[in-house]
Amino acid sequence: VVAIGLFSSLNVRVTEQSVVWRFGPGLFGGRIPLAEIDDVTVGRTPLWAGLGIHWIWSGWVYNVSGRGAVRIERRGGGTTWLGSDEPEALRDAIESARRR
């Protein structure tokens, strides 16, 4: 029951300086400064990647449902997958913030 409460939702925000995400009430999450982002693409996580927070061969995955995601490549290496019901809109918001 606790795990369901902690990981039942994923909230992703794009601020003027970073992409920030939080699961459930906000105990788990992360942040990527926009200045560290090299590329943002829409994709689908592998079926075997599952849900939750974990590392797969292509980087960290943060996901609560479905396979739609935004793949964020960092300058200097590292990849983060953020699950989203609207990955194109999330990618567009990130790209718009990076251009500002």
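Because the structure is predicted, anything quoted here is derived from the model rather than measured.

S.K.: Just checking my understanding: could you explain the packing of aromatic side chains for this structure?
M.R.: The description of an aromatic ring pair uses the distance of the two centres, along with the angle that the planes make with each other. Summed over all chains, the structure comprises two aromatic pairs. Measuring from ring centre to ring centre gives 6.4 Å for Phe23 and Tyr62, while their planes differ by 35 degrees; the resulting arrangement is tilted. Taken as a pair, Phe23 in strand β2 (residues 18–23) and Tyr62 in strand β6 (residues 59–63) lie far apart in primary sequence, 39 residues in all. Assessed through its relative accessible area of 0%, Phe23 is described here as buried. In this structure Tyr62 comes out as buried when scored by relative accessible area, which is 11%. Grouped by ring-pair contacts, the aromatic residues Trp21, Phe23 and Tyr62 constitute a single cluster.

S.K.: Could you clarify how one ought to interpret the pairing of β6 in this entry?
M.R.: In summary, the side chains of a regular strand alternate between the two faces of the sheet. In terms of burial, β6 is largely enclosed, as four of its five residues are buried. Where strand β5 (residues 52–56) and β6 come together, five bridges link them in antiparallel fashion. Residue pairing in the sheet places His54 in a bridge with Val61 of β6. Remark: two residues form the turn of the hairpin made by β5 and β6, two consecutive strands paired antiparallel. Both β6 and strand β8 (residues 79–83) contribute to a ladder of three bridges, which runs parallel.

S.K.: Just checking my understanding: could you explain the nonpolar core for this structure?
M.R.: Core analysis: the largest hydrophobic core is formed by 15 residues, its most contacted members being Val19, Trp21, Ile37, Ile72, Leu82 and Ile94. Breaking this core down by element, the ones donating at least two residues are β2, β4 (37–44), β7 (68–74) and α2 (87–99). Listed in part, the five residues of the second largest apolar core include Ala49, Val61, Ala69 and Trp81.

About the criteria used
- Residues numbered from 1 in each chain as written.
- Predicted model: local features only at pLDDT ≥ 70, side-chain atom pairs only at ≥ 80, totals over all residues.
- Heavy atoms only, no water.
- Phe/Tyr/Trp six-rings, centres within 6.5 Å; stacked < 30°, edge-to-face > 60°.
- Helix = DSSP H or I, 4+ residues; strand = E, 2+ residues; numbered from the N terminus.
- Buried < 20%, exposed > 50% of the residue type's maximum accessible area, 1.4 Å probe, protein only.
- Pairing = 2+ DSSP bridges.
- Core = buried A, V, L, I, M, F, W, Y, C linked by side-chain atoms within 4.5 Å.

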